[in-house]
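An overview of the molecular structure
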Amino acid sequence: MSKSLFLKIVSDVEAYDEWFQEGLDGRMKKSFTPLQKVTSAIKQLATGNPPDEGDEYLNMSERTSRECLEYFCETVCKRYGGEFLRRPTSHDIALLYQAHEDRHHLPGMLGSLDCTHFVWRMCPTELRGQYMRGDHQYPTIMLEAVASQDLWIWHAFCGPAGSQNDINVLQQSPLFLAQRNGTAPNCPFQVNNHLYKRGYYLTDGIYPTWSVFVKSFPYPHDPNEKKFKRQHEAARKDVERAFGVLKSKWGILNRPMRSKTVKKIRSIVYTCLILHNMIIKDDGRAIAPVHIQDPPVEPVFDETAYTELIDEDTHWRLKHDLVEHLGSLDLPHLEVDSDEE
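Rules and cut-offs
Residues numbered from 1 in each chain as written. Predicted model: local features only at pLDDT ≥ 70, side-chain atom pairs only at ≥ 80, totals over all residues. Heavy atoms only, no water. Core = buried A, V, L, I, M, F, W, Y, C linked by side-chain atoms within 4.5 Å. Buried < 20%, exposed > 50% of the residue type's maximum accessible area, 1.4 Å probe, protein only. Helix = DSSP H or I, 4+ residues; strand = E, 2+ residues; numbered from the N terminus. Domains from an automatic or database assignment. Contact = heavy atoms within 4.5 Å. 1 Å grid on protein atoms, 1.4 Å probe; cavity = no way out; pocket = protein on both sides within 12 Å on 5 of 7 lines; lining within 4 Å. Points joined across faces, edges and corners; volume = space filled by probe spheres on them. Nonpolar A, V, L, I, M, F, W, Y, C, P; charged D, E, K, R; others polar. Salt bridge = Lys/Arg side-chain N within 4 Å of Asp/Glu carboxyl O. Pairing = 2+ DSSP bridges. Axes fitted to C-alpha atoms, helices over the stretch in contact; angles between N-to-C directions. Patch = residues over 30% accessible without salt bridge, like charges linked within 9 Å, V, L, I, M, F, W, Y side chains within 5 Å. Areas by Shrake-Rupley, 256 points an atom, 1.4 Å probe, with all protein chains shown as cover. Lys, Arg positive; Asp, Glu negative; His and termini not counted. Charge placed at Lys NZ, Arg CZ, Asp CG, Glu CD. Parallel < 35°, antiparallel > 145°, perpendicular 65-115°, else oblique.

Naming follows an unreviewed UniProt entry, where the chain appears as Harbinger transposase-derived protein of Helianthus annuus.

Written out as structure tokens, the structure reads:
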């Protein structure tokens, strides 16, 4: 994080929440400055160390450090969540279409969808059965996210029990809520001379065959299918890279969570995602750095939207068109070697 971005966050947080403003404590002595409080919170997010680490460095008690983290996460989510965890607008989608087609040669791609787990160390005993899974040694909380090529997180849904799989999380996720209530932007795209109503996400094999999901071939036979499988797997690494960057940059996500409620853990995760997107924008790597809002639309439940989302015929037709589109392009790096054949 650059110094200018850090000072901007300090200034915005101080103006938004009076808890961060400098005042007098019960002994009529000056309290900690906003710079100290935000430094303590970001240090805990970046390292994942316990709150009592600031006893000597900041001369701050464990309780005050814990309060700094809680208030900071709550304030960041309220202050920046509307911009840096926004749903893609029509302007954003147009830029995502162009960037992904230039980079991955896949028209209409919105991003890659996947889930990850965070270890919950202080999970209450009565909840361990919900948050334990056979392939994990400890209780975990899941995060469903969509990442684009620049590693920007466009969708985040944190809090489902760790005993679930990606399909169960999808059933609870608000990922397609805007399409269901008719507030999603109208952004069609064309591939192989066929027009499609909405963009799609790249997913792995566990996800259902919906019209908005594109999966790879488990056993490709045709040369064009092999080219598509290579390109799909390469593009799918966007969300995996995003998870890796998040857990390496924000140590609190890579270490067992100490919070005792799902609400606090959700606030911490969303804060890390917001700061992650803010850093991408500050570095100049964002595909859509400017937030241009669409005109407000009155929510109206669309009964046909769900049928269109889960349409398998559209799924297979879109997949076939993408295979034909990639096969018609001259992409030497996707050619299958003779030894592999």
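After presenting the structure, the write-up continues.
**Structural notes on the nonpolar core**
Soluble, globular proteins show a tendency: their nonpolar side chains are buried together. In terms of nonpolar packing, the biggest core is built from 92 residues, with Leu 45 and Phe 72 touching the most fellow members. With 12 residues, the top contributor of residues to this core is helix H11 (residues 262-283). Lining this core are residues from two domains, each supplying at least three of them: domain 1 (3-83) and domain 2 (87-268 + 298-334). Leu 45 has contacts with Leu 69, Phe 72, Cys 73, Trp 250, Gly 251, Ile 252, Ile 268, Thr 271, Cys 272 and Leu 275, leaving out every residue within four places of it along the chain.

**A closer look at the layout of surface pockets**
Rolled over the atoms, a probe sized like a water molecule indicates the empty space that remains. Its volume calculated, the largest pocket comes out at about 930 Å³. Along the wall of the largest pocket there are 37 residues; nearest its centre are Arg 87, Pro 88, Ala 178, Ala 184 and Pro 185. Of the residues forming the lining of the largest pocket, the biggest block, four residues, is contributed by strand E3 (residues 153-161). Tallied by class, the residues present in the lining of the largest pocket amount to 22 nonpolar, nine polar and six charged. For the second largest pocket, the lining is made up of 24 residues, of which Leu 69, Glu 70, Ser 259, Lys 264 and Ile 268 are closest to its centre. Among the elements of the structure, helix H4 (62-84) and H11 are those that each provide at least two residues to the lining of the second largest pocket.

**Points about the pattern of salt bridges**
Tallied over the full model, the rule gives 17 salt bridges. Between Asp 92 and Arg 86 there is a salt bridge, and its shortest N-O distance comes to 3.0 Å. By relative accessible area, Asp 92 is classed as buried at 0%. The salt bridge involving Arg 236 is made with Asp 204; its shortest N-O contact spans 3.7 Å.

**Description of the sheet that holds strand E2 (residues 140-147)**
Pairing is mixed across the open sheet formed by five strands, whose spatial order is E3-E2-E1-E6-E7. Two strands lie at the open edges of the sheet, namely E3 and strand E7 (213-214), each paired on one side alone. On top of the sheet, helix H9 (residues 223-249) reaches strand E1 (109-119), E2, E3, strand E6 (200-202) and E7; it is set at about 45° to E1, its chief contact.

**Comments concerning a negative patch on the surface**
On the surface, Asp 52, Glu 53, Asp 55 and Glu 56 cluster together into a patch of negative charge. Looking at the element boundaries, Glu 53 is found in the loop between helix H2 (34-47) and helix H3 (54-57).

**Here's the deal with the packing of H9 against H11**
At a minimum axis distance of 11 Å, the contact between H9 and H11 shows a crossing angle of 105°. One way to sum up the angle between H9 and H11 is to call them roughly perpendicular. Along its contact with H9, which presents Val 245, Leu 246 and Lys 249, the element H11 presents Cys 272, Leu 273, His 276 and Ile 279. Grouping the amino acids of the contact of H9 with H11 by side-chain chemistry returns five nonpolar, one polar and one charged.

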